[in-house]
Amino acid sequence: MIKIDEIRIKNFRSIKDLSFLCSDIITFVGYNNAGKSNCLRAIRWALSMEKLDESDFCQLSQDNPEVEFNLKDVTLDKVEKLVINDNKKISKIEDMIVGGEIRLKICATKVDGKIEQKIYYYKEGDWKPNPTGVSNALRCIVPEVFSLSAKSNSEEQTSKIKYGTLFSKLMGIYVENEIQQGIQDKLESILKEIAENESIKKLSEDVGQSLSEFYPDIDVSVLPSLKSEDVYKSFTLQLASKGGQNMSVGEFGHGLQRSAELALLNCVANQRSLSVRDKSIVLLIDEPEIFQHPSLINKIRQVLIKLSKIGYQVALTTHSPNMLQSREILSHLHIVYNDREGGTDFRNRKFVTFNRAQTNDAAVNTVMMLNQLAYLPFCECAILVEGETERIIFPELIEDLFPFTCHRFCIVDVGGCTQFPYVKDILDQFNIRSFLIADLDGIRKMVRPDLTNNLNERVERISDRFEAYFKGKPEAIKQSAEDYWQLCQEVPELVKDSIRELEECSILVWSKADIERTLYPALVEKTTKKTKMARSVIDQKKAFVESGECDPIDSWRRVIEEFGGDWFNLVHFASILSKDIATSSEMQKLNG
């Protein structure tokens, strides 16, 4: 099957220069106005070869818009099936094929106030003009493109067959795969009967006689030209409440309108016969989750994945964590952002691989949790926590320390230090900066026998130093939190050097072995319940804020100092986490 492969977009809307692979399913996720929809628009322009307008030219560049793309799995046999009865065009297209691929480029230029477009093909190290008259033939072999925008007119898309609408194209596929031949046979019989009708014959004679006064050598025949596609163009989709009258889709709510569009996709997804086509169909959907409740979004995700396995290439944009909750989606995901100078770009240039040695199922499941997917694709720093105390304190702490940029952080519960290397590997592939907040006794748990990377080697080396200390302490055989606190007291330089080296590995360890002894040691002497201590700290902080005595940051400082804690250790952590994220005013307030 001929498919679109690699694509490069230049000087198109917000995109200055962007390349990516078009897999069977690809997802673009990111903030509003990042340029996700422009990726879909560029794909549509390249495949449909439709005319651009002024708004499609990039404001960040004086150069003209262009899209390069590869067609893969192109063979002469497929070309001959798709370009029917035109050996001259087939020969010209055959000349474009190099190693089973055709590389094309569409360009737009402004000439005397008008926008002109040209198509080129790549061969022998150079772009060559598209041969005259081959554009229509190329349309036969280029995958057909269907698109559904977030702002599309759902009533028009579903209630009326109109050329170019989603319903029109999907009905065409359904008829082609299911009822095309049956309709064609009946039509031919009906048309033959109409053509031989005496009234029609007389009409032909009368028109011919009238025309013969001026054109005596011309014969006239009035014949029906109805085709099978004209039949399905008369179909409409109407809805009715139980016992009610049929009404157009536009009479119902936006959620139901959108669901009607996607219900059509579901029906096509169940047509297995599509997989025998000679070229794919590219489906572009902007925010398929719009107006839908979560359970239906899950169903939509499943339908799109199914379509990607039966001959469709699906490209979508989304903000929904439900749409992302699948390995197929996450492993073909680009996180999109907008750089002021460089325009639309990807945080991760390559797709994520889940079958690496550094990845395990538990780590993948951690990332795929809905409460993580709601924030991870939009964050610039992931704070990985492994203890119940950090899970309680850090969400509120980050909001108070960074009131203007807290949305750029995501707090991820990794469920224990053992999972840190695996979760970090996934986030590294997405190019999301991540740090683990850990207690000193968790370091040895990070050493994994199945890992041989640099992180594992450095952590193992540090863990061995601690093991050497404990060998001389038979009473510390359990290596408890209390034992590690004692380690900090007896060999502070060893601990200090180790903590500094761990920071280079994106692991932030509390200077007094754990968060409790570092931030509020006075409470440790009163209770052993970690969650109770954490909530007492937050309650006291809130009391200071509500009393009006101090703002949130000063309240944290005051609570930590009153409980005998190390405020500067927390400031140090915050400075590392917020590098290149926090505003200057936030950092001045934190360090003030």
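Residues numbered from 1 in each chain as written. Predicted model: local features only at pLDDT ≥ 70, side-chain atom pairs only at ≥ 80, totals over all residues. Heavy atoms only, no water.

1. Observations regarding the environment of Arg349
Along the chain, Arg349 falls in the loop between β14 (343–346) and α13 (361–368). Along the primary structure Arg349 and Ile335 are separated by 14 residues, whereas in three dimensions their C-alpha atoms are 8.8 Å apart. What Arg349 contacts, discounting residues up to four positions off in sequence, is Leu18, Ser19 and His334. (Helix = DSSP H or I, 4+ residues; strand = E, 2+ residues; numbered from the N terminus. Contact = heavy atoms within 4.5 Å.)

2. Describing the sheet that holds strand β15 (residues 381–385)
Across the sheet, four strands lie side by side as β16-β15-β17-β18; this open sheet has parallel pairing. The sheet terminates laterally at β16 (409–413) and β18 (507–509), the two strands that pair on one side only. Within this sheet the neighbouring strands show an average axis-to-axis angle of 25°, counted without direction. Here five bridges tie β15 to strand β17 (residues 433–438), and the two strands are oriented parallel to one another. Bridge pairing links Val385 to Ile437 in β17. (Pairing = 2+ DSSP bridges. Axes fitted to C-alpha atoms, helices over the stretch in contact; angles between N-to-C directions.)

3. A closer look at the confidence of the model for the protein chain
Detail in the predicted coordinates should be disregarded across regions flagged by low pLDDT. When pLDDT is averaged along the protein chain, the result is 87; 90% of the residues meet or exceed 70. Confidence drops under a pLDDT of 50 for residues 153–164, and excluding neighbours within four residues, the segment shows 38 contacts in the predicted structure. (pLDDT = per-residue confidence, 0-100.)

4. As for the pairing of strand β12 (residues 312–318)
Within β12, seven of the seven residues are buried, leaving the element largely enclosed by the surrounding structure. Neither face of β12 is exposed, since Tyr312, Val314, Leu316 and Thr318 on one face and Gln313, Ala315 and Thr317 on the opposite face are all buried. Taken together, the five bridges between strand β3 (residues 25–30) and β12 define a ladder with parallel strand orientation. Considered in β12, the bridge of Phe28 is made with Thr317. In the sheet, strand β11 (residues 281–286) pairs with β12 via six bridges, with the strands oriented parallel. Considered in β12, the bridge of Asp286 is made with Thr317. In this region the chain leaves β11, passes through helix α10 (residues 294–308) and returns to the parallel neighbour β12; the handedness of that crossover is right-handed. (Buried < 20%, exposed > 50% of the residue type's maximum accessible area, 1.4 Å probe, protein only. Right-handed = clockwise from strand over helix to strand, strands pointing away.)

5. Details of the pattern of salt bridges
Summed over all chains, the structure comprises 32 salt bridges. Two residues, Arg557 and Asp554, come together in a salt bridge whose shortest N-O distance is 2.4 Å. With Arg557 and Asp554 both in helix α23 (residues 552–562) and three residues apart, this pair spans about one turn of that helix. Owing to a relative accessible area of 14%, Arg557 belongs among the buried residues under this scheme. Judged by its relative accessible area of 26%, Asp554 falls in the partly exposed class. Where salt bridges share partners, they join Arg458, Arg461, Arg465, Glu501 and Glu504 into one cluster. (Salt bridge = Lys/Arg side-chain N within 4 Å of Asp/Glu carboxyl O.)

6. Details of the pairing of β17
Across the six residues of β17, five count as buried, placing the element largely inside the fold. Sheet topology note: the β17/β18 ladder contains three bridges and is parallel. Bridging across to β18, Ile437 finds its partner in Leu508.

7. Things to note about helix α19 (residues 492–503)
Taking 1.5 Å of rise per residue, the twelve residues of α19 would be expected to cover 16 Å, and the 16 Å separating its terminal C-alpha atoms lies within 8% of that figure. Listed as buried for α19 are Val495, Ser498, Ile499, Glu501 and Leu502. Projected down its long axis, α19 shows its buried positions confined to an angular sector of 165°, all on one face. Check the buried side of α19 and you find it contacts α17 (454–471), α18 (481–490) and β18. (Expected span 1.5 Å × (residues − 1). Arc of directions from axis to C-beta.)

8. Notes on the side chain of His334
Its location among the elements puts His334 in strand β13 (residues 333–339). According to the relative accessible area criterion, His334 is buried, its value standing at 1%. Polar contacts involving the side chain of His334 include one to the main-chain carbonyl oxygen of Asn348, which spans 2.9 Å. Leaving out residues up to four positions away in the same chain, His334 has contacts with Phe20, Ile26, Thr27, Phe28, Val29, Phe346, Asn348, Arg349, Lys350 and Phe351. (Polar contact = N/O pair within 3.5 Å; in protein donor to acceptor, adjacent residues only side chain to side chain.)

9. Digging into α17
Spanning 18 residues, α17 covers 26 Å between terminal C-alpha atoms, matching the ideal 26 Å at 1.5 Å per step. Taken together, the buried positions of α17 are Leu455, Asn456, Arg458, Val459, Ile462, Ser463, Phe466, Tyr469 and Phe470. Take α17 and look down its axis: the buried residues cluster within an arc of 170°, on one side only. Of the exposed residues in α17, those oriented more than 90 degrees away from the buried face are Asn454, Ala468 and Lys471. Where α17 is buried, its residues touch α16 (420–429), α18, α19 and β18.

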